[in-house]
Amino acid sequence: MDLNQQLKELSQKYLFEDTNFKTDEQTPNLEVCLTLQEDHIECFIEKASQLNSIIESCTNMITMFDTSVPKEILMQTSLRCGKDNQLYIRTTPSMLNILVETLFG
C-alpha cells in the first residue's frame, strides 16, 4: 500500500484533522505530521510515559514479519509535538501503521 493511501485510511479511521508526510535521506526516512483532535491529544498524553516501550513493542512486531528493515533503524523512531495540535512521527513506512494503531487504537 502506498503512503498516501495508508495515511488516508488512518485519517478516516481516527478522524485526524489533517495528515501529510515527506520522505528524505535521513534514517528513518519518513516524517508524518498528524493534526490531532482534542481526544487524540489526551490519549497521547496518557501514553507519553510509555513511548519507549511502545516503540520497542512495535519494532518487535514488525521484525517478526518483515526482516527487510533492521531493528536498529526501527528503534530510531521518534515522536515530537508541534504547535496547533500537531504530532510529528519520524519512522519507516513499515512502522507507521502499527505505531499509529498502538497510540490511538
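Our subject in this report is the structure included herewith. (Residues numbered from 1 in each chain as written. Predicted model: local features only at pLDDT ≥ 70, side-chain atom pairs only at ≥ 80, totals over all residues. Heavy atoms only, no water.)

A separate point is the side chain of Thr-77. Structurally, Thr-77 can be placed in the loop between helix 4 (71-74) and strand 3 (78-82). On the basis of relative accessibility, which here comes to 7%, the residue Thr-77 falls in the buried class. At 2.8 Å, the side chain of Thr-77 and the side chain of Thr-91 are in polar contact. For Thr-77, the residues in contact, after removing those within four places along its chain, are Pro-28, Ile-55, Arg-90, Thr-91, Met-95 and Leu-99. (Helix = DSSP H or I, 4+ residues; strand = E, 2+ residues; numbered from the N terminus. Buried < 20%, exposed > 50% of the residue type's maximum accessible area, 1.4 Å probe, protein only. Polar contact = N/O pair within 3.5 Å; in protein donor to acceptor, adjacent residues only side chain to side chain. Contact = heavy atoms within 4.5 Å.)

Further remarks concern the packing of helix 2 (residues 38-47) against helix 5 (residues 93-104). Following both chains from N to C, one finds helix 2 and helix 5 inclined at 95°, their axes separated by 9 Å at the closest point. Of the possible angle classes, the one that applies to helix 2 and helix 5 is roughly perpendicular. Residue-level contacts link His-40, Cys-43, Phe-44 and Lys-47 of helix 2 to Thr-102, Leu-103 and Phe-104 of helix 5. Classifying every residue of the contact of helix 2 with helix 5 by side-chain character gives 4 nonpolar, 2 polar and 1 charged. (Axes fitted to C-alpha atoms, helices over the stretch in contact; angles between N-to-C directions. Parallel < 35°, antiparallel > 145°, perpendicular 65-115°, else oblique. Nonpolar A, V, L, I, M, F, W, Y, C, P; charged D, E, K, R; others polar.)

Phe-16, Leu-34, Leu-99, Val-100, Leu-103 and Phe-104 are the most contacted members of the largest nonpolar core, which totals 28 residues. Those elements that place two or more of their residues in this core are helix 1 (3-14), strand 2 (30-35), helix 2, helix 3 (51-65), strand 4 (86-91) and helix 5. If you tally residues by element for this core, the top one is helix 5, at 6 residues. If we ignore the near neighbours within four places in the chain, the residues touching Leu-34 are Leu-7, Phe-16, Asp-18, Thr-19, Asn-85, Gln-86, Leu-87, Ile-89, Val-100 and Phe-104. (Core = buried A, V, L, I, M, F, W, Y, C linked by side-chain atoms within 4.5 Å.)

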